[in-house]
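Each chain, letter by letter, is given below.
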Amino acid sequence: MSTASSNTSRRQEPLRLLAVHAHPDDEASKGAAMMASYAAQGVEVMVATCTGGERGSVLNPAMESNAAAKRDLAGLRRTEMASARRELGIQHRWLGFMDSGLPEGDPLPDLPFGCFALEPLEHAAAPLVKLVREFRPHVIISYDENGGYPHPDHIMAHKVAVEAFNAAGDADRYPGTGEPWEPLKLYYDRAFNPERFTALHHALVDAGMDSPYAERIAAWQEADTEGHQPPAPTHPTTTQIQCGDFFEARDRALKSHRTQVDPEGFFFAVDADTQRKVWPWEDYSLIQSKVETELPETDLFAGIR
């Protein structure tokens, strides 16, 4: 098939988006409203979860005495993920790796044997390459080099997503994992970008309300004695997806992860209506594109549609 015919064929088939996440609950706290919005438009959206979150802690005080959380946290988190998937209207696939846990202490302890973060890259990326070749996404979303925050599984999720984006279209790489498929755009998620928190903070202060972000803003200013600005992003926002109508779906997905998300906690400190007025977007940085597009973008599929 010629390149022109191939491009025409791609444009006639349904659009597909794949988001790569480290643990169940990451998909709800990063890009959930965007995914629900695209799914409602008829885009095929899938989340690939690298680990089962087996070494996570129970972070919701109301669930600390829950028998299932004590007896089988991994099983309960699978149930939570299924509920979140339904709330967002998306597809989901487990990649099957073992949670690495978040090492704590000084010095930090070694990561546990056999965990995701210690897997050789080609072994860790192979299931994702296989999934990319099966699902055939046009767009892949992942974390930046720091993992969004430096959890070893988030950093490894970044590595396997970039590897899969670059390798899935090469017939000579990862033999036995299906017919090659070349994704067209790679984005990094900016769910916790300082610009968003700053805008929400100032809106609340101007309205005479307490800001749950005051401590975070103060820490940024303390670290920047000259300009009193948030830290410069490693990758700036290039693409904002308007998805405020789906903030409630995002919140329901978050609350589905009952062991990980406190319904009285940080994620719900500002109501959805206020967020819609101040920052009705979810933000991304375009890292690689194999199609022509103009920045800034308002659509992850710009240049593909």
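Residues numbered from 1 in each chain as written. Predicted model: local features only at pLDDT ≥ 70, side-chain atom pairs only at ≥ 80, totals over all residues. Heavy atoms only, no water.

Draft legend 1. View of the packing of helix α6 (residues 121–135) against helix α7 (residues 152–167). Following both chains from N to C, one finds α6 and α7 inclined at 55°, their axes separated by 8 Å at the closest point. Between α6 and α7, the angle falls in the class oblique. The handedness of the crossing between α6 and α7 comes out as right-handed. Along its contact with α6, which presents Leu121, Glu122, Ala124, Ala125, Leu128, Val129, Val132 and Arg133, the element α7 presents Met156, Lys159, Val160, Ala161, Glu163, Ala164 and Ala167. Considering only residue class, the contact of α6 with α7 consists of eleven nonpolar, no polar and four charged. (Axes fitted to C-alpha atoms, helices over the stretch in contact; angles between N-to-C directions. Helix = DSSP H or I, 4+ residues; strand = E, 2+ residues; numbered from the N terminus. Parallel < 35°, antiparallel > 145°, perpendicular 65-115°, else oblique. Left-handed = near helix turned anticlockwise from the far one by under 90°. Contact = heavy atoms within 4.5 Å. Nonpolar A, V, L, I, M, F, W, Y, C, P; charged D, E, K, R; others polar.)

Draft legend 2. Quick peek at a nonpolar patch on the surface. Residues Phe192, Phe266 and Phe267 make up a contiguous nonpolar surface patch of roughly 240 Å² in combined accessible area. With respect to the helices and strands, the residue phenylalanine 192 is situated in the loop between β5 (185–189) and α8 (194–206). (Patch = residues over 30% accessible without salt bridge, like charges linked within 9 Å, V, L, I, M, F, W, Y side chains within 5 Å. Areas by Shrake-Rupley, 256 points an atom, 1.4 Å probe, with all protein chains shown as cover. Salt bridge = Lys/Arg side-chain N within 4 Å of Asp/Glu carboxyl O.)

Draft legend 3. Seen up close, empty space enclosed by the protein. Applying the stated criterion across every chain yields a total of two cavities of 30 Å³ or more. The volume enclosed by the largest cavity comes to roughly 280 Å³. It is strand β7 (residues 281–289) that contributes the most residues to the lining of the largest cavity, four residues altogether. Split into classes, the residues belonging to the lining of the largest cavity amount to twelve nonpolar, four polar and six charged. Lining the second largest cavity are Ala19, His21, Lys30, Gly31, Met34, Met35, Ile141, Asp189 and Tyr284. Going through the elements one at a time, β1 (16–21) and α3 (32–40) are the ones with two or more residues in the lining of the second largest cavity. Residue classes in the lining of the second largest cavity are distributed as five nonpolar, two polar and two charged. (1 Å grid on protein atoms, 1.4 Å probe; cavity = no way out; pocket = protein on both sides within 12 Å on 5 of 7 lines; lining within 4 Å. Points joined across faces, edges and corners; volume = space filled by probe spheres on them.)

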